[in-house]
Amino acid sequence: MRLVFAGTPAVALPSLHALAERHDILSVITREDAPLGRKRVLTPSPVATAAADLGLPVIKANRLGEEVTEQVAALAPDLGVIVAYGGLVREPLLSLPRLGWINLHFSLLPRWRGAAPVQHAVIAGDAETGAAVFQLVPALDAGDVFSELRRPIGADETAGELLDALAVSGAALLADTVDALEAGTAVAQPQRGEPTLAPKLALADAHLDFGQPAPEVYARLRGVTPEPGAFALLDGERFKIAEARPALDAAPLEAGRVELHDKRVLVGTATSPLELVAVQPAGKRAMAAADWWRGAGGTAVLS
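The following refers to the structure shown. These numbers come from a predicted model, not from an experiment.

A few words now on the pattern of salt bridges. Under the defined criterion, the tally for this structure stands at twelve salt bridges. Between Arg-22 and Asp-179 there is a salt bridge; the shortest N-O distance is 2.4 Å. A residue pair is termed long-range when its members are at least 10 positions apart, and Arg-22 in helix α1 (residues 13–22) and Asp-179 in helix α5 (residues 159–183) qualify at 157 residues. Its salt-bridge partner being Asp-291, residue Arg-294 comes within 2.1 Å of it at the nearest N-O pair. Here Arg-294 and its partner Asp-291 are both found in helix α7 (residues 289–295), three residues apart, which amounts to about one turn of the helix. Residue classification places Arg-294 among the exposed positions, given a relative accessible area of 62%. Several salt bridges share partner residues, and in doing so they unite Arg-22, Asp-176 and Asp-179 into one network.

Have a look at this one:
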C-alpha cells in the first residue's frame, strides 16, 4: 500500500515503525518544531525525528490546509493513516487518498471520543479500555470501526503507562487493518452506544479535590500522570504530587490534612487516606514525600 502517515508524539512511533516494515510510506506529516525545555529550543517532534531516521520524506505543518493537500495530492496515496497528529483532516484532503483516511484511536469507541481518551478513561474509573481503528469522517471520531482490541485498566496504572502499552498493541492492530484493506477483506461496523467526549485536559483538571472519596482522588491522580501532572495547593502555591497510593489500612484523616503515620506520609480524603510517595513543592526539586515532610515542620494541609 502507498501510505501517507500523520502523527506527532512518541505514542505514534510504534505505528510508524510497524507500517514502514510492511508498506510504502510516501510521506510523513507531523507538526512543526516546537520550543522545549527551559531554554525553549526548537525541537522536532518524535515522529519527525523517527521519520528522518527511516529516510522518509517529512511534511511539517500545524494545520492540514491547502498547501498540505496539494503535496499529498501529488503523491497519489492509496490510504492516509493518522495516529495522534494533533489536528483535523478536512475536505478535500479527507477524500483525497483512494481509500480515504483511517485513525488509530486509544479507546473503545464511541466511548471517549476526543483528544484525551486514555486520561478520561482512567479518571472515570473505567474497568477496561482499548484501541480502535476507524474510518475518518468529518464528525469527531465518529466513523465506522474496522477493528478493536480490549484490555483491563490496572488498579494502579497511570494514564502514561496505559497509553504506552496501547501504543504498542494498537500499532499491531493498525498494521493488520492496513493489510486487510490492501487485501480487500476489511469490513467496518458502525459505532454502537452512547458517545462520551474526552477533551484535552487543562491544568485545572489536574487539581486534586481531597474532599472526594479516596478512589476518585486516586483515579484522577493516575489519569493526569504524567501530564498535566497532579497537584494540590499548599499555602496557596502549587504542590505537585508525582506518585501516591491508597492507604486502606490507615485510620481516616481530615480531608487534605497531612500526617506521618508508621513512617508513611498520609493525606486525608473523604474516606481512607492516600500515602504520598513522591512530591514537588513550589520552587523545589522533586523528592520523596518523606524527605519533604522532614523539612515541612510537621504540619501541612493540602487544598
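The next thing to look at is the sheet that holds strand β1 (residues 2–7). Spatial strand order, β5-β2-β1-β6-β7-β8-β9: seven strands in an open sheet with mixed pairing. This sheet does not close on itself; its edge strands, each paired only once, are β5 (58–60) and β9 (145–152). In this sheet, adjacent strand axes meet at a mean angle of 15° when their direction is disregarded. Running at roughly 175° to strand β2 (residues 24–30), helix α3 (residues 66–75) makes contact with β1, β2 and β5 of the sheet.

A separate point is the packing of aromatic side chains. Within this structure, the stated rule accounts for two aromatic pairs. Geometrically, the ring pair formed by Phe-239 and Trp-292 is tilted, given 4.8 Å between the ring centres and 55° between the ring planes. Residue Phe-239 is found in strand β11 (residues 237–246), and its partner Trp-292 is found in helix α7; the two are separated by 53 residues along the sequence. Linked through ring pairs, Phe-239, Trp-292 and Trp-293 together constitute an aromatic cluster. The ring of Tyr-218 carries the charged tip of Arg-222 above its face, separated from the ring centre by 5.3 Å. Arg-238 extends its terminal NZ or CZ atom over the ring of Phe-231, reaching a point 5.5 Å from the ring centre.

Counting buried residues in strand β6 (residues 79–83) gives five out of five residues, a clear majority hidden from the surface. By the alternation rule, side chains of β6 split into Leu-79, Val-81 and Val-83 and Gly-80 and Ile-82, which are all buried. In terms of strand pairing, β1 meets β6 through five bridges, oriented parallel. Paired with Leu-3 across the bridge in β6 is Leu-79. Two elements, β6 and strand β7 (residues 101–105), share three bridges in a ladder whose sense is parallel. From the neighbouring strand, Val-81 faces β7, where its bridge partner is Ile-102.

With that out of the way, let us pick up a nonpolar patch on the surface. Taken together, the side chains of Leu-88, Leu-140 and Leu-197 present a nonpolar region at the surface, about 300 Å² in accessible area. The residue Leu-197 is located in the loop between α5 and α6 (214–223) in this model. In this structure Leu-197 comes out as exposed when scored by relative accessible area, which is 55%.

Rules used in this analysis
Residues numbered from 1 in each chain as written. Predicted model: local features only at pLDDT ≥ 70, side-chain atom pairs only at ≥ 80, totals over all residues. Heavy atoms only, no water. Salt bridge = Lys/Arg side-chain N within 4 Å of Asp/Glu carboxyl O. Helix = DSSP H or I, 4+ residues; strand = E, 2+ residues; numbered from the N terminus. Buried < 20%, exposed > 50% of the residue type's maximum accessible area, 1.4 Å probe, protein only. Pairing = 2+ DSSP bridges. Axes fitted to C-alpha atoms, helices over the stretch in contact; angles between N-to-C directions. Contact = heavy atoms within 4.5 Å. Phe/Tyr/Trp six-rings, centres within 6.5 Å; stacked < 30°, edge-to-face > 60°. Lys NZ or Arg CZ within 6 Å of the ring centre and 35° of its normal. Patch = residues over 30% accessible without salt bridge, like charges linked within 9 Å, V, L, I, M, F, W, Y side chains within 5 Å. Areas by Shrake-Rupley, 256 points an atom, 1.4 Å probe, with all protein chains shown as cover.

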